[in-house]
Amino acid sequence: MSRRRIGFWYRFAAVICKPPLVVLIKRDWRGMENIPVDGGFITVMNHNSYIDPFAYAHFQYNTGRVPRFLAKSGLFKKGFVGAVMRGTGQIPVYRESTDALSAFRAAIDAVERGECVAFYPEGTLTRDPDGWPMTGKTGAARVALQTKCPVIPVAQWGVNELLPPYAKKPALLPRKTHRVLAGPPVDLSRFYDREMTPELLREATEVIMAAITGRLEQIRGRTAPAVPYDPRRERIEQRRRTQTQSPAPAPAPTPAPAAASAEEAPVAREAVQEEGQGT
(Lines give C-alpha, C1' and ligand atoms only; values in the text may rest on other atoms or scores of the structure.)
Protein backbone atom coordinates (compact mmCIF):
# COMPACT_ATOMS: atom_id res chain seq x y z
CA MET A 1 0.00 0.00 0.00
CA SER A 2 1.11 3.54 -0.70
CA ARG A 3 2.89 5.38 2.13
CA ARG A 4 2.89 8.70 0.31
CA ARG A 5 0.94 10.49 3.07
CA ILE A 6 2.89 9.29 6.08
CA GLY A 7 5.44 12.08 6.14
CA PHE A 8 8.46 12.85 8.30
CA TRP A 9 6.72 13.45 11.63
CA TYR A 10 4.70 10.22 11.53
CA ARG A 11 7.83 8.24 10.65
CA PHE A 12 9.69 10.00 13.46
CA ALA A 13 6.93 9.16 15.95
CA ALA A 14 6.99 5.54 14.75
CA VAL A 15 10.75 5.33 15.40
CA ILE A 16 10.12 6.42 18.99
CA CYS A 17 6.94 4.46 19.75
CA LYS A 18 7.25 1.18 17.88
CA PRO A 19 10.22 -0.37 19.74
CA PRO A 20 8.61 -0.32 23.22
CA LEU A 21 5.30 -1.51 21.76
CA VAL A 22 7.02 -4.43 20.04
CA VAL A 23 8.82 -5.35 23.27
CA LEU A 24 5.82 -5.04 25.60
CA ILE A 25 2.95 -6.33 23.44
CA LYS A 26 2.43 -9.36 21.23
CA ARG A 27 0.18 -8.86 18.21
CA ASP A 28 -2.81 -10.68 16.76
CA TRP A 29 -3.96 -8.35 13.98
CA ARG A 30 -6.69 -9.27 11.52
CA GLY A 31 -8.68 -7.40 8.89
CA MET A 32 -5.95 -5.20 7.41
CA GLU A 33 -7.40 -6.00 3.99
CA ASN A 34 -10.46 -3.95 4.96
CA ILE A 35 -8.43 -0.74 5.29
CA PRO A 36 -8.96 1.17 2.01
CA VAL A 37 -5.91 1.52 -0.21
CA ASP A 38 -6.95 4.91 -1.59
CA GLY A 39 -9.38 7.70 -0.77
CA GLY A 40 -10.66 9.22 2.42
CA PHE A 41 -12.31 7.09 5.10
CA ILE A 42 -13.08 6.84 8.80
CA THR A 43 -12.07 4.21 11.31
CA VAL A 44 -14.11 3.82 14.50
CA MET A 45 -12.70 1.95 17.50
CA ASN A 46 -13.55 0.99 21.07
CA HIS A 47 -11.48 2.62 23.80
CA ASN A 48 -10.46 0.63 26.88
CA SER A 49 -6.95 1.81 27.81
CA TYR A 50 -4.93 5.00 27.83
CA ILE A 51 -2.34 3.32 25.62
CA ASP A 52 -4.64 1.77 23.01
CA PRO A 53 -4.31 4.85 20.72
CA PHE A 54 -0.60 4.05 20.40
CA ALA A 55 -1.23 0.34 19.87
CA TYR A 56 -3.95 1.02 17.34
CA ALA A 57 -1.82 3.60 15.50
CA HIS A 58 0.88 0.92 15.24
CA PHE A 59 -1.65 -1.43 13.61
CA GLN A 60 -2.83 1.10 11.08
CA TYR A 61 0.63 2.49 10.40
CA ASN A 62 1.56 -0.99 9.19
CA THR A 63 -1.26 -0.85 6.63
CA GLY A 64 0.31 2.22 5.00
CA ARG A 65 -2.70 4.45 5.79
CA VAL A 66 -1.94 6.43 8.92
CA PRO A 67 -4.79 7.71 11.13
CA ARG A 68 -5.47 11.31 12.05
CA PHE A 69 -6.89 11.21 15.58
CA LEU A 70 -9.17 13.77 17.17
CA ALA A 71 -7.38 14.89 20.34
CA LYS A 72 -7.79 17.47 23.11
CA SER A 73 -6.59 20.87 21.96
CA GLY A 74 -4.36 21.25 25.03
CA LEU A 75 -2.02 18.55 23.73
CA PHE A 76 -1.13 20.71 20.75
CA LYS A 77 0.36 23.42 22.97
CA LYS A 78 2.83 21.32 24.99
CA GLY A 79 6.35 21.63 23.62
CA PHE A 80 7.65 18.50 21.92
CA VAL A 81 4.32 16.66 22.25
CA GLY A 82 2.54 19.57 20.61
CA ALA A 83 5.06 19.63 17.78
CA VAL A 84 4.50 15.92 17.14
CA MET A 85 0.71 16.31 17.29
CA ARG A 86 0.82 19.15 14.79
CA GLY A 87 3.43 17.51 12.59
CA THR A 88 1.53 14.22 12.33
CA GLY A 89 -1.66 16.01 11.34
CA GLN A 90 -3.79 15.15 14.35
CA ILE A 91 -7.03 17.13 14.71
CA PRO A 92 -7.55 19.36 17.80
CA VAL A 93 -10.88 19.27 19.61
CA TYR A 94 -11.82 22.51 21.37
CA ARG A 95 -14.26 21.44 24.06
CA GLU A 96 -16.63 23.80 25.82
CA SER A 97 -16.02 26.61 23.34
CA THR A 98 -17.49 28.23 20.26
CA ASP A 99 -14.90 26.27 18.25
CA ALA A 100 -16.29 22.88 19.31
CA LEU A 101 -17.53 22.15 15.78
CA SER A 102 -14.20 23.03 14.17
CA ALA A 103 -12.93 19.50 14.82
CA PHE A 104 -15.73 18.06 12.70
CA ARG A 105 -15.08 20.57 9.95
CA ALA A 106 -11.38 19.65 10.03
CA ALA A 107 -12.28 15.95 9.98
CA ILE A 108 -14.53 16.47 6.95
CA ASP A 109 -11.75 18.39 5.20
CA ALA A 110 -9.24 15.61 5.96
CA VAL A 111 -11.54 12.91 4.58
CA GLU A 112 -12.21 14.94 1.46
CA ARG A 113 -8.43 15.27 0.98
CA GLY A 114 -8.17 11.49 0.99
CA GLU A 115 -7.00 11.05 4.59
CA CYS A 116 -8.10 8.61 7.29
CA VAL A 117 -9.70 10.10 10.41
CA ALA A 118 -9.81 7.84 13.47
CA PHE A 119 -12.73 8.24 15.88
CA TYR A 120 -13.33 6.92 19.36
CA PRO A 121 -17.14 7.25 19.22
CA GLU A 122 -17.50 6.68 22.97
CA GLY A 123 -15.58 9.90 23.52
CA THR A 124 -13.73 8.53 26.55
CA LEU A 125 -12.55 5.29 28.14
CA THR A 126 -15.35 2.79 28.53
CA ARG A 127 -17.01 2.68 31.92
CA ASP A 128 -18.76 -0.59 31.22
CA PRO A 129 -17.83 -2.90 34.13
CA ASP A 130 -16.80 -5.69 31.74
CA GLY A 131 -15.04 -3.53 29.18
CA TRP A 132 -17.68 -3.54 26.44
CA PRO A 133 -18.25 -0.45 24.26
CA MET A 134 -20.64 2.13 25.68
CA THR A 135 -23.20 4.18 23.79
CA GLY A 136 -21.51 6.40 21.22
CA LYS A 137 -21.49 10.09 20.46
CA THR A 138 -22.64 11.25 17.04
CA GLY A 139 -19.50 12.94 15.67
CA ALA A 140 -18.32 10.02 13.55
CA ALA A 141 -21.80 9.51 12.11
CA ARG A 142 -22.04 13.21 11.27
CA VAL A 143 -18.76 13.17 9.32
CA ALA A 144 -19.64 9.87 7.64
CA LEU A 145 -23.03 11.07 6.44
CA GLN A 146 -21.63 14.41 5.32
CA THR A 147 -18.85 12.82 3.22
CA LYS A 148 -20.43 9.40 2.43
CA CYS A 149 -16.99 7.90 3.01
CA PRO A 150 -16.30 4.29 4.08
CA VAL A 151 -16.59 3.70 7.85
CA ILE A 152 -14.35 0.85 9.00
CA PRO A 153 -15.33 -0.68 12.38
CA VAL A 154 -12.37 -1.82 14.46
CA ALA A 155 -12.40 -3.75 17.74
CA GLN A 156 -9.34 -4.10 19.95
CA TRP A 157 -8.59 -5.98 23.14
CA GLY A 158 -5.50 -6.78 25.17
CA VAL A 159 -3.69 -3.57 26.01
CA ASN A 160 -6.44 -2.98 28.58
CA GLU A 161 -4.92 -5.97 30.38
CA LEU A 162 -1.54 -4.24 30.26
CA LEU A 163 -3.02 -0.95 31.54
CA PRO A 164 -6.69 -1.23 32.59
CA PRO A 165 -8.98 1.80 32.31
CA TYR A 166 -8.06 4.51 34.84
CA ALA A 167 -5.18 2.40 36.23
CA LYS A 168 -1.91 4.16 37.02
CA LYS A 169 0.50 1.22 36.93
CA PRO A 170 0.87 -1.27 34.07
CA ALA A 171 0.91 -5.04 34.55
CA LEU A 172 3.90 -5.87 32.38
CA LEU A 173 4.03 -9.62 32.99
CA PRO A 174 2.99 -11.91 31.54
CA ARG A 175 3.35 -10.21 28.16
CA LYS A 176 -0.04 -9.19 26.79
CA THR A 177 -1.43 -9.61 23.26
CA HIS A 178 -3.01 -6.75 21.35
CA ARG A 179 -5.88 -8.27 19.36
CA VAL A 180 -7.35 -6.20 16.55
CA LEU A 181 -10.14 -7.07 14.15
CA ALA A 182 -11.04 -4.57 11.40
CA GLY A 183 -14.28 -5.28 9.58
CA PRO A 184 -15.70 -4.31 6.20
CA PRO A 185 -17.32 -0.86 5.87
CA VAL A 186 -20.51 -0.24 7.82
CA ASP A 187 -23.50 0.15 5.51
CA LEU A 188 -24.94 3.59 6.25
CA SER A 189 -26.49 4.12 2.81
CA ARG A 190 -30.04 4.18 4.20
CA PHE A 191 -29.15 7.37 6.08
CA TYR A 192 -27.77 9.25 3.07
CA ASP A 193 -29.48 12.33 1.64
CA ARG A 194 -31.81 12.68 4.62
CA GLU A 195 -32.18 15.55 7.03
CA MET A 196 -29.43 15.18 9.62
CA THR A 197 -31.68 15.29 12.68
CA PRO A 198 -30.51 14.26 16.16
CA GLU A 199 -32.65 11.12 15.85
CA LEU A 200 -31.04 10.18 12.53
CA LEU A 201 -27.54 10.73 13.89
CA ARG A 202 -28.28 8.63 16.99
CA GLU A 203 -29.64 5.81 14.83
CA ALA A 204 -26.60 5.87 12.56
CA THR A 205 -24.33 5.94 15.63
CA GLU A 206 -26.08 2.86 17.04
CA VAL A 207 -25.38 1.02 13.78
CA ILE A 208 -21.70 2.01 14.00
CA MET A 209 -21.39 0.96 17.65
CA ALA A 210 -23.11 -2.36 16.93
CA ALA A 211 -20.52 -3.08 14.23
CA ILE A 212 -17.65 -2.38 16.65
CA THR A 213 -19.25 -4.47 19.39
CA GLY A 214 -19.85 -7.37 16.99
CA ARG A 215 -16.13 -7.50 16.15
CA LEU A 216 -15.23 -7.36 19.82
CA GLU A 217 -17.54 -10.31 20.47
CA GLN A 218 -15.56 -12.26 17.88
CA ILE A 219 -12.26 -11.35 19.54
CA ARG A 220 -13.42 -12.18 23.05
CA GLY A 221 -15.60 -15.17 22.17
CA ARG A 222 -18.37 -13.77 24.35
CA THR A 223 -21.70 -12.02 23.89
CA ALA A 224 -22.00 -8.35 24.77
CA PRO A 225 -24.90 -7.04 26.87
CA ALA A 226 -28.09 -6.53 24.90
CA VAL A 227 -28.23 -2.88 26.01
CA PRO A 228 -24.94 -0.91 25.89
CA TYR A 229 -23.79 0.87 29.00
CA ASP A 230 -25.01 4.47 28.91
CA PRO A 231 -23.06 6.82 31.24
CA ARG A 232 -25.76 9.47 31.10
CA ARG A 233 -28.51 7.02 32.03
CA GLU A 234 -26.31 5.57 34.76
CA ARG A 235 -25.77 9.03 36.29
CA ILE A 236 -29.51 9.67 36.30
CA GLU A 237 -30.22 6.31 37.91
CA GLN A 238 -27.45 6.84 40.46
CA ARG A 239 -28.96 10.17 41.51
CA ARG A 240 -32.37 8.51 41.75
CA ARG A 241 -30.97 5.72 43.94
CA THR A 242 -29.21 8.23 46.15
CA GLN A 243 -32.39 10.23 46.62
CA THR A 244 -34.36 7.06 47.40
CA GLN A 245 -31.83 5.86 49.96
CA SER A 246 -31.55 9.22 51.74
CA PRO A 247 -33.68 9.28 54.91
CA ALA A 248 -36.56 11.72 54.93
CA PRO A 249 -35.92 14.74 57.18
CA ALA A 250 -37.47 14.35 60.59
CA PRO A 251 -40.31 16.75 61.32
CA ALA A 252 -39.60 19.44 63.87
CA PRO A 253 -40.66 18.38 67.37
CA THR A 254 -43.76 19.99 68.77
CA PRO A 255 -43.04 21.46 72.19
CA ALA A 256 -45.29 20.44 75.07
CA PRO A 257 -47.90 23.02 76.04
CA ALA A 258 -46.56 25.47 78.54
CA ALA A 259 -49.54 24.85 80.81
CA ALA A 260 -48.98 21.10 81.08
CA SER A 261 -49.07 19.79 84.60
CA ALA A 262 -46.22 17.86 86.16
CA GLU A 263 -48.11 14.64 85.51
CA GLU A 264 -48.79 15.53 81.83
CA ALA A 265 -45.20 16.53 80.97
CA PRO A 266 -43.68 12.99 80.71
CA VAL A 267 -46.57 11.90 78.46
CA ALA A 268 -46.03 14.94 76.21
CA ARG A 269 -42.29 14.20 75.93
CA GLU A 270 -42.95 10.57 74.91
CA ALA A 271 -45.38 11.72 72.22
CA VAL A 272 -42.81 14.16 70.79
CA GLN A 273 -40.11 11.48 70.69
CA GLU A 274 -42.38 8.97 68.92
CA GLU A 275 -43.38 11.54 66.27
CA GLY A 276 -39.76 12.51 65.72
CA GLN A 277 -38.71 8.92 64.87
CA GLY A 278 -41.04 9.06 61.87
CA THR A 279 -40.97 6.23 59.36
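The text that follows walks through the structure, step by step, so that each part is easy to find. Note that residues are indexed from 1 along each chain, following the sequence as it is written. Confidence filtering applies because this is a predicted model: local features only for residues at pLDDT of at least 70, side-chain atom pairs given and counted only at 80 or more, and all residues used for totals across whole chains, interfaces and linings. Side-chain descriptors were evaluated using all non-hydrogen atoms of the structure, hydrogens and water having been removed beforehand.

## Quick notes on the overall build of the chain
Item 1. We count a stretch as a helix when DSSP gives it H or I for four or more residues in a row; a strand needs E for two or more, and each element gets its number in order from the N terminus. For the chain, the helix and strand inventory stands at nine helices and seven strands.
Item 2. When checking whether two residues touch, look at their non-hydrogen atoms; a contact exists if any pair is within 4.5 Å. Relative to all contacts within the chain whose residues are 6 or more apart in sequence, the contacts with residues 24 or more apart total 74%.
Item 3. By element, 56% of the accessible surface of the chain is carried by carbon and sulfur atoms, the whole surface being about 15,700 Å². Under the convention used here, a 1.4 Å probe and the Shrake-Rupley method define accessible areas, while residue burial counts only the protein chains that appear.

## Thoughts on a positive patch on the surface
Item 1. Patches were defined on residues exceeding 30% relative accessible area and lacking a salt bridge, with like-charge contacts within 9 Å and nonpolar side-chain contacts (Val, Leu, Ile, Met, Phe, Trp, Tyr) within 5 Å. By definition, a salt bridge exists where a carboxyl oxygen of Asp or Glu is found within 4 Å of a side-chain nitrogen of Lys or Arg. The charged-residue count follows a simple rule in which Lys and Arg add positive charge and Asp and Glu add negative charge, with His and chain termini not counted at all. All charge positions are set by atom: Lys at NZ, Arg at CZ, Asp at CG, Glu at CD. On the surface, a cluster of positive charge is made up of R127, K137, R232, R235 and R239.
Item 2. Position of R127 among the secondary structure elements: in the loop between β5 (116-119) and α5 (139-147).
Item 3. Accessibility expressed as a relative area gives 41% for R127, which makes it partly exposed. Only protein chains enter the area calculation, which uses a 1.4 Å probe; residues under 20% of their type maximum are buried, those over 50% are exposed, and those in between are partly exposed.

## Overview of the pairing of strand β6 (residues 151-157)
Item 1. For β6, a buried count of seven out of seven residues is recorded, marking the element as mostly surrounded by other parts of the structure.
Item 2. Of the two faces of β6, the one carrying V151, P153, A155 and W157 and the one carrying I152, V154 and Q156 are both buried.
Item 3. Between any two strands, at least two bridges found by DSSP are needed for them to pair. Taken together, the four bridges between strand β2 (residues 41-45) and β6 define a ladder with parallel strand orientation. Opposite I42, over in β6, you have V151 as the bridge partner.
Item 4. Two strands pair when backbone bridges link them, and β6 and strand β7 (residues 176-182) are joined in this way by four bridges, in the antiparallel orientation.

## What to know about the pattern of salt bridges
Item 1. Tallying each qualifying case throughout the model produces seven salt bridges.
Item 2. Two residues, D28 and R30, come together in a salt bridge whose shortest N-O distance is 3.9 Å.
Item 3. For R30, a relative accessible area of 37% corresponds to the partly exposed category.
Item 4. Its salt-bridge partner being D130, residue R222 comes within 2.5 Å of it at the nearest N-O pair. Placement of the pair is R222 in the loop between α7 (198-220) and α8 (231-245) and D130 in the loop between β5 and α5, with a sequence separation of 92 residues.
Item 5. Residue class for R222 comes out partly exposed when judged on its relative accessible area of 42%.

## Side note on the packing of aromatic side chains
Item 1. Aromatic pairs are defined between Phe, Tyr and Trp rings, using the six-membered ring for Trp, whenever the two ring centres lie within 6.5 Å; interplanar angles under 30 degrees are classed as stacked, those over 60 as edge-to-face, and all others as tilted. Tallying each qualifying case throughout the model produces ten aromatic pairs.
Item 2. Look at F8 and W9: their rings are 5.6 Å apart centre to centre, the planes differ by 75°, and that puts the pair in the edge-to-face class.
Item 3. Take W9: its relative accessible area is 29%, and that puts it in the partly exposed class.
Item 4. Each ring, one from F8 and one from F12, has its centre 5.9 Å from the other, and the planes form 15°; the classification is stacked. Of the two residues, F8 and F12 are both situated in helix α1 (residues 7-24); the distance of four residues between them amounts to about one turn of the helix.
Item 5. The exposure class of F8 is exposed, given its relative accessible area of 57%.
Item 6. Each member of the aromatic cluster is reached from another via a ring pair, and the members are W29, Y56, F59, F69 and Y120.

In short, the description is geometric, and any link to function would need to be established separately.
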